[in-house]
Amino acid sequence: MAYNNRKKEPVEEVDTTVWSCVNDSCSGWMREDYSFETEPTCPLCHAEMAKENRVLPKLS
C-alpha cells in the first residue's frame, strides 16, 4: 500500500488587464502585456477587442 501526500504550493493570482473579444460566439482573449498592438483584433475571429480585468495566475 502506498501513500502519497502531494501538497502543492498555491499559485499567486493578480488582477490583470486583458483584451477580450467582443464577439459573443468567440471566447478569445489575451493579456495586455503580451499584445503587440495598441488596439488588437481577435486572432481567432478577427473581431474587435475590448479591455477588461481578470484575476489570473501571476507569470514570472
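Everything discussed here concerns the structure shown above.
Because the structure is a prediction, the values reported are computed rather than measured.

Reading guide: rules and limits
- Residues numbered from 1 in each chain as written.
- Predicted model: local features only at pLDDT ≥ 70, side-chain atom pairs only at ≥ 80, totals over all residues.
- Heavy atoms only, no water.
- Helix = DSSP H or I, 4+ residues; strand = E, 2+ residues; numbered from the N terminus.
- Buried < 20%, exposed > 50% of the residue type's maximum accessible area, 1.4 Å probe, protein only.
- Contact = heavy atoms within 4.5 Å.
- Lys, Arg positive; Asp, Glu negative; His and termini not counted.
- Charge placed at Lys NZ, Arg CZ, Asp CG, Glu CD.
- Core = buried A, V, L, I, M, F, W, Y, C linked by side-chain atoms within 4.5 Å.
- Salt bridge = Lys/Arg side-chain N within 4 Å of Asp/Glu carboxyl O.
- Pairing = 2+ DSSP bridges.

Peer 1: Got a minute to help me understand the overall build of the protein in this structure?
Peer 2: Scanning the protein for helices and strands turns up zero helices and three strands. Starting at the N terminus and ending at the C terminus, the protein contains elements arranged as β-β-β. In terms of overall dimensions, the protein has a C-alpha envelope of 55 × 25 × 15 Å along the principal axes. Scored against the burial criterion, the 60 residues of the protein give a buried share of 25%. Counting only contacts in the protein whose residues sit at least 6 apart along the sequence, the fraction spanning at least 24 positions is 57%. Distance between charge centres in the protein, computed from 7 positive and 11 negative side chains, equals 14 Å.

Peer 1: Any chance you could explain the nonpolar core here in plain terms?
Peer 2: It is characteristic of soluble globular proteins that their nonpolar side chains tend to be buried jointly. Counting seven residues, the largest nonpolar core is built from Trp 19, Cys 21, Cys 26, Met 30, Cys 42, Ala 47 and Met 49. Excluding residues within four positions of it along the chain, Met 49 makes contact with Trp 19, Ser 20, Cys 21, Val 22, Gly 28, Trp 29, Met 30, Pro 40, Thr 41, Cys 42 and Pro 43.

Peer 1: Sorry if this is basic, but what is going on with the pattern of salt bridges here?
Peer 2: Pairs can form between side chains of opposite charge once their charged atoms are near each other. Taken as a whole and judged by the stated rule, the model has two salt bridges. Salt-bridge contacts for Glu 32 lead to Lys 51; the nearest nitrogen and oxygen are separated by 2.8 Å. Of this pair, Glu 32 sits in the loop between β2 (29-31) and β3 (49-57) while Lys 51 sits in strand β3, and the two are 19 residues apart along the sequence. Judged by its relative accessible area of 27%, Glu 32 is partly exposed. Measuring nitrogen to oxygen at the nearest pair gives 2.8 Å for the salt bridge that ties Arg 54 to Glu 52. On the accessibility criterion, Glu 52 (32% relative accessible area) is partly exposed.

Peer 1: Before we go on, may I ask you to explain unusual backbone geometry in this structure?
Peer 2: Across residues other than glycine, the phi torsion is negative in most instances, and most of the peptide bonds are trans. Positive phi, close to 65 degrees, is recorded for His 46, a residue that is not glycine. Within the element layout of this structure, His 46 appears in the loop between β2 and β3. Judged by relative accessible area, which is 62%, His 46 ranks as exposed.

Peer 1: Looking at this model, I keep getting lost on the pairing of strand β1 (residues 13-21). Mind explaining?
Peer 2: Looking along a regular strand, one sees side chains alternate from face to face of the sheet. Here nine bridges tie β1 to β3, and the two strands are oriented antiparallel to one another. If you follow Trp 19 over to β3, its bridge partner there is Lys 51. Of the strand pairs in this sheet, β1 and β2 are connected by three bridges, and their pairing is antiparallel. For Trp 19, the partnering residue across the bridge sits in β2 and is Met 30.

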